[in-house]
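Summary of structural features
Take a look at the letters that make up each chain.
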Amino acid sequence: MSASSQRAAKLLSAALGSGGLRPLAQGPLWPSGVADDHSPVEFSVAFAENEPSIVRMIVESLGSHPHRGSNLAEAIGVLDVLNREFDLDPGQLDLVRDLFLPPDPQGLFTFWYSLIIRPGAAPAIKVYLNPEVRGRARATGLVREALTRLGLGKVYPTVAGHALRRDQLDRFSFFALDLVDQQRARVKTYVSHDGAAIPDIARAAAAAPGVDAELLSDVCELACGGTGPFTGRPLMSSYTFLSGDTGRPSGYSLYIPIRDYVRDDLEACERVHAIMARYGLDPAPFDRALASIARRPLAEGVGLIAHVSLRLGKPRPGITVYLSSEAYGVTPPRSNARADLEGAVRT
Ligand code: TRP
């Protein structure tokens, strides 16, 4: 991606906002939830068979004196710049803006970007909104209303029936929109599953067509080192809706916070290799991505490999690996890996 790298770095710097000018050595002024060390950026690479890899960056824009209000103002300022530069279509966002951007936002975050870099193409941009921005109790109502406004009101019962079955344990955690015209825009709803076991995940996945349940179950086991329940950070489902979807989502993805289920990144790396083998994917592009970002031996920390996500069903299955910049710090390896993993292998 060398031809895209300069433009991608400029885009990242624009998206970070004025808070991005703060020298790293001064430490974070804002506890960004994007990454465990509070770095306001996280990289990911998407792999699929016979396709070039796609690099993405999740970014939280920060004000120079970061707090919820100034960060949101900065993000909206960034949006104006990106709209002009890339001729984005914020129409979908405008339909739900007042729901997700209240004057007194609550929760982990208010507005994150996903910057999507593909070789030989203009960057694509997605925004993440927070269903809990008006408090946890209102998340379901907010997502339901947003789907209705986006013309997807009919999908709600499918999502609820498959993914929101365990009171309090299953909850909407992100809502994402592509900043392109309505015909092409994807709408994604994310549900976190606290303490889920494989059958809970399988049921969530079955909402989408063409999901290979055996692949899903094998990969959960490979990633988490057991069949669950998964009591570390929650596994998360996402449904992708395309314009015209009525009853069911077009796609399903599962996000696994693998860093909570391994001792260190060496173990995480071995598990990513096993998952790629199960998917029939060549591990070399992943190894290159990891080598390009690692600044320490893999066994000397945990969380460089933060999440693994699985795309199932159409257009084609693939995996994405999320890599932390560790710009502000490294989490030491877990010494009591066995005790931690007991949670994962208990049946
Ligand atoms: N750091 C947060 C978390 O672990 C949010 C987040 C960043 C995230 N990248 C992600 C969540 C990838 C799921 C998948 O939950």
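Located above this text is the structure these notes cover.
Let me begin by describing the structure that accompanies this report.

How each quantity is defined
- Residues numbered from 1 in each chain as written.
- Predicted model: local features only at pLDDT ≥ 70, side-chain atom pairs only at ≥ 80, totals over all residues.
- Heavy atoms only, no water.
- Helix = DSSP H or I, 4+ residues; strand = E, 2+ residues; numbered from the N terminus.
- Rg over C-alpha atoms; globule rule 2.2 N^0.38 Å.
- Buried < 20%, exposed > 50% of the residue type's maximum accessible area, 1.4 Å probe, protein only.
- Contact = heavy atoms within 4.5 Å.
- Areas by Shrake-Rupley, 256 points an atom, 1.4 Å probe, with all protein chains shown as cover.
- Salt bridge = Lys/Arg side-chain N within 4 Å of Asp/Glu carboxyl O.
- Pairing = 2+ DSSP bridges.
- Axes fitted to C-alpha atoms, helices over the stretch in contact; angles between N-to-C directions.
- Near = heavy atom within 4 Å.
- Polar contact = N/O pair within 3.5 Å; in protein donor to acceptor, adjacent residues only side chain to side chain.

1. Brief notes about the overall build of the chain
Along the backbone of the chain there are 10 helices and 10 strands. What you see for the chain is a C-alpha radius of gyration of 19 Å, in line with the 20 Å of a compact globule of 347 residues. Expressed as a percentage of the 347 residues in the chain, the buried residues total 53%. Of the contacts formed within the chain by residues at least 6 apart in sequence, a portion of 70% connects residues at least 24 apart. When the accessible surface of the chain is summed, it comes to about 15000 Å², and 53% of that surface belongs to carbon and sulfur atoms.

2. A closer look at the pattern of salt bridges
Oppositely charged side chains can form a pair if their charged atoms are brought close together. This structure, assessed with the given rule, holds 18 salt bridges. Glu145 is paired through a salt bridge with Arg149; the nearest N and O atoms lie 2.8 Å apart. In this pair, Glu145 and Arg149 are both assigned in helix α4 (residues 139–149), 4 residues apart and thus about one turn of the helix distant. The partly exposed category is assigned to Glu145, whose relative accessible area is 33%. Taking relative accessible area as the criterion, Arg149 reaches 31% and is therefore assigned partly exposed. The salt bridge involving Asp194 is made with Arg171; its shortest N-O contact spans 3.9 Å. Taken together, the residues span a long stretch of sequence, with Asp194 in the loop between β6 (187–193) and α6 (198–205) and Arg171 in strand β5 (residues 170–178) at a distance of 23 residues. Judged by its relative accessible area of 24%, Asp194 falls in the partly exposed class. Among the residues examined, Arg171 registers a relative accessible area of 18% and is labelled buried. A network of salt bridges, in which partner residues are shared, links Asp36, Arg233, Arg259 and Asp260.

3. Comments concerning helix α5 (residues 156–163)
Every buried residue of α5 is listed here: Tyr156, Thr158, Val159, Ala160 and Ala163. Check the buried side of α5 and you find it contacts α4, β5, β6, α6 and β7 (235–241).

4. As for unusual backbone geometry
In this structure, Pro229 follows Gly228 across a cis peptide bond, with omega equal to 5°. Note that Pro229 resides in the loop between α7 (213–224) and β7. The phi dihedral of His38 is positive, around 75°, even though this residue is not glycine. By the element assignment, His38 lies in the loop between α1 (2–16) and β1 (41–48). In this structure, Asp87 takes a positive phi of about 55° despite not being glycine.

5. Observations regarding the sheet that holds strand β10 (residues 318–324)
Pairing in this closed barrel of 10 strands is antiparallel, and the strands run β1-β2-β3-β4-β5-β6-β7-β8-β9-β10 around the ring. Within the sheet, the average angular offset between the axes of one strand and its neighbour, ignoring direction, is 20°. The pairing of strand β3 (residues 111–117) with strand β4 (residues 124–129) spans 6 bridges and is antiparallel. Note on β4: the bridge partner recorded for Phe111 is Leu129. Each of β1, β9 (305–312) and β10 touches helix α8 (residues 265–279); the most contacted strand, β9, lies at about 10° to it.

6. Side note on the site of the ligand
Around the ligand, the neighbouring residues are Gly33, Val34, Glu42, Ile58, Trp112, Met236, Tyr255, Arg259, His307 and Tyr322. One of the backbone nitrogen or oxygen atoms of Val34 is found 3.0 Å away from a nitrogen atom of the ligand. Contacts to the ligand include His307, whose side-chain N or O atom sits 3.3 Å from an oxygen atom. Here the ligand loses 85% of its free accessible area of 350 Å² to cover by the protein chains.

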